[in-house]
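Survey of secondary and tertiary structure
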Amino acid sequence: KAGVTQTPRYLIKTRGQQVTLSCSPISGHRSVSWYQQTPGQGLQFLFEYFSETQRNKGNFPGRFSGRQFSNSRSEMNVSTLELGDSALYLCASTTGRDYGYTFGSGTRLTVV
Amino acid sequence: DQQVKQNSPSLSVQEGRISILNCDYTNSMFDYFLWYKKYPAEGPTFLISISSIKDKNEDGRFTVFLNKSAKHLSLHIVPSQPGDSAVYFCAAMSGTSYGKLTFGQGTILTVHP
């Protein structure tokens, strides 16, 4: 069965621009979470969506936003990009926490 | 405030021996714990998990032990194989915090042939 698919794999953007990243969860998984990984801060939780509703949010500025569609696919958007937003962005999906969270391969965002 | 800590940045083990990776947490609300393996530029791969109602869970070569009173968990890999070389992350979550895994900083495991 197909895993969690994230697109694009790599992205280069200029400061001040905005970016949209996409995540397609495993079929049947309705919960999608997003994480940012940087060398300094490690893996940090951004937000979680379930049935098109954001149920949880991490400590990130409002420039970071997301949404989930009726087919459970999710997007995250970062506006007014800063150099510090350069990171590996990961999404994970699950049917329930007892089954673990399956991560995608991530989107490597570089802001120049 | 680092609620999940992996105090050993790296661990080196000989093939066939046991690898023991450790993790400490401070938040008493955490009731579910997971271990992930990660290669550079890839997403973490789920290995094994444990609920706070248990103190041990096994899956093949992987065993996770949970000591709630000490707020400590460990991952045992027996026997270790060169293909196990990767970064290992422990993660914790509470039932009231939907979808939020709190990760440790990771331990680099190197298994020598």
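Overview of the structure.

About the cut-offs
- Residues numbered from 1 in each chain as written.
- Chains lettered and ligands numbered in written order.
- Predicted model: local features only at pLDDT ≥ 70, side-chain atom pairs only at ≥ 80, totals over all residues.
- Heavy atoms only, no water.
- Core = buried A, V, L, I, M, F, W, Y, C linked by side-chain atoms within 4.5 Å.
- Buried < 20%, exposed > 50% of the residue type's maximum accessible area, 1.4 Å probe, protein only.
- Helix = DSSP H or I, 4+ residues; strand = E, 2+ residues; numbered from the N terminus.
- Contact = heavy atoms within 4.5 Å.
- Phe/Tyr/Trp six-rings, centres within 6.5 Å; stacked < 30°, edge-to-face > 60°.

We now examine the nonpolar core. Formed by 23 residues in total, the largest nonpolar core has its most connected members in Phe33, Trp35, Leu73, Leu75 and Tyr88 of chain B. Broken down by secondary-structure element, the contributors of at least two residues to this core are β3 (19-25), β4 (32-38), β5 (45-51), β7 (62-67), β8 (72-77), β9 (86-93) and β11 (107-112) of chain B. For this core, the element with the highest residue contribution is β9 of chain B, accounting for 4 residues. Among residues more than four places away in sequence, those in contact with Phe33 of chain B are Tyr25, Ile48, Ser49, Ile50, Ser52, Leu66, Leu73, Ala91 and Ala92 of chain B. If you look at the next biggest cluster of nonpolar residues, it comprises 21 residues, including Leu11, Leu21, Ile26 and Leu46 of chain A.

Before going further, it helps to spend a moment on the packing of aromatic side chains. The final tally for this structure, using the stated rule, is 12 aromatic pairs over all chains. With centroids separated by 5.7 Å and ring planes inclined at 70 degrees, the aromatic side chains of Phe47 of chain A and Tyr49 of chain A adopt a geometry described as edge-to-face. Assessed through its relative accessible area of 0%, Phe47 of chain A is described here as buried. With relative accessibility at 4%, the residue Tyr49 of chain A sits in the buried group. Each ring, one from Tyr25 of chain B and one from Phe33 of chain B, has its centre 4.7 Å from the other, and the planes form 40 degrees; the classification is tilted. On the basis of relative accessible area, Tyr25 of chain B is assigned to the buried category, the value being 7%.

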